[in-house]
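Next come the chains, spelled out residue by residue.
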Amino acid sequence: MAHTEEQLAVNSIIGEGAEFSGEFKLSGLLRIDGIFRGTIKTDGKVLIGKTGIVDTDIKARIVVAGGEINGNIFASERVTLLASCRMKGDIITPKVVMEEGVQFEGNCKINPTTH
């Protein structure tokens, strides 16, 4: 059940109405509902809520995005772009899921050996 516990444990939150600029390094899950500018590095998961706006490059194991992304995503396991997502940038990952309605401008490289 470690996987389920991991999904429930949010290590860090940038809440709606909050702004953060800089380099964010962590282990575990980062949820962004506010505005983030800089770089994100985690061996865990990044979740960008519908109200989240990020101007960043993201390096993570899993990225799930429902908000606005301006930057690149490098995910070692998977990227999921939800219907509400608006993304300008490139994606490199072994698996990608894009729901109907996603606005995506950029390149996507499906690479099973992404680290």
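Residues numbered from 1 in each chain as written. Predicted model: local features only at pLDDT ≥ 70, side-chain atom pairs only at ≥ 80, totals over all residues. Heavy atoms only, no water.

Looking at an unreviewed UniProt entry, one finds the chain named Polymer-forming cytoskeletal protein, with Leptospira sarikeiensis as its source organism. Its UniProt record, at the heading Sequence similarities (unreviewed entry), says of the chain: "Belongs to the bactofilin family." (UniProt positions renumbered as here; feature names shortened; annotations may be inferred.)

> Just give me the short version of the overall build of the chain, but keep the residues and values in it.
Helix and strand content of the chain: 1 helix and 13 strands. Shown N-terminal to C-terminal, the secondary structure of the chain runs as helices and strands in the order α-β-β-β-β-β-β-β-β-β-β-β-β-β. Looking at the chain residue by residue over its 115 residues, the buried ones come to 40%. For the chain, long-range pairs separated by at least 24 residues make up 2% of all intrachain contacts whose partners lie at least 6 apart in sequence. Per element, the accessible surface of the chain, about 6,300 Å² overall, is 51% carbon and sulfur. (Helix = DSSP H or I, 4+ residues; strand = E, 2+ residues; numbered from the N terminus. Buried < 20%, exposed > 50% of the residue type's maximum accessible area, 1.4 Å probe, protein only. Contact = heavy atoms within 4.5 Å. Areas by Shrake-Rupley, 256 points an atom, 1.4 Å probe, with all protein chains shown as cover.)

> Tell me about the nonpolar core, and name the residues and values.
Core analysis: the biggest nonpolar cluster contains 23 residues, and Ile40, Ile58, Val63, Ile69, Ile73 and Leu81 have the highest contact counts within it. Elements with a contribution of two residues or more to this core: strand E2 (19–26), strand E3 (29–32), strand E4 (35–42), strand E5 (45–48), strand E6 (53–65) and strand E8 (73–81). Ranked by residues supplied to this core, first place goes to E6 with 5 residues. Contacts of leucine 81, omitting those with residues within four sequence positions, involve Ala65, Met87, Ile91, Val97, Met98, Glu99, Val102 and Phe104. (Core = buried A, V, L, I, M, F, W, Y, C linked by side-chain atoms within 4.5 Å.)

> Describe the pattern of salt bridges, with residues and values.
Taken as a whole and judged by the stated rule, the model has 7 salt bridges. With its nearest N and O atoms 3.8 Å apart, the salt bridge here joins lysine 25 to glutamate 23. Given the relative accessible area of 46%, glutamate 23 is considered partly exposed. For glutamate 77, the salt bridge is made with arginine 78, and the minimal N-O distance between the two is 3.4 Å. For glutamate 77, a relative accessible area of 30% puts it in the partly exposed group. Accessibility expressed as a relative area gives 27% for arginine 78, which makes it partly exposed. Connected through salt bridges with shared partners, the residues Glu23, Lys25 and Lys41 form a single ionic network. (Salt bridge = Lys/Arg side-chain N within 4 Å of Asp/Glu carboxyl O.)

> Can you break down the packing of aromatic side chains residue by residue, with the values?
Within the structure shown, the criterion is met by 3 aromatic pairs. Ring geometry for phenylalanine 20 and phenylalanine 36: centres 5.4 Å apart, planes at 15°, overall stacked. Of this pair, phenylalanine 20 sits in strand E2 while phenylalanine 36 sits in strand E4, placing them 16 residues apart in sequence. Judged by its relative accessible area of 31%, phenylalanine 20 falls in the partly exposed class. Ring pairs connect the aromatic residues Phe20, Phe24 and Phe36, which therefore count as one cluster. Taking the ring centre of phenylalanine 74 as reference, the NZ or CZ of lysine 59 above it sits at 5.8 Å. (Phe/Tyr/Trp six-rings, centres within 6.5 Å; stacked < 30°, edge-to-face > 60°. Lys NZ or Arg CZ within 6 Å of the ring centre and 35° of its normal.)

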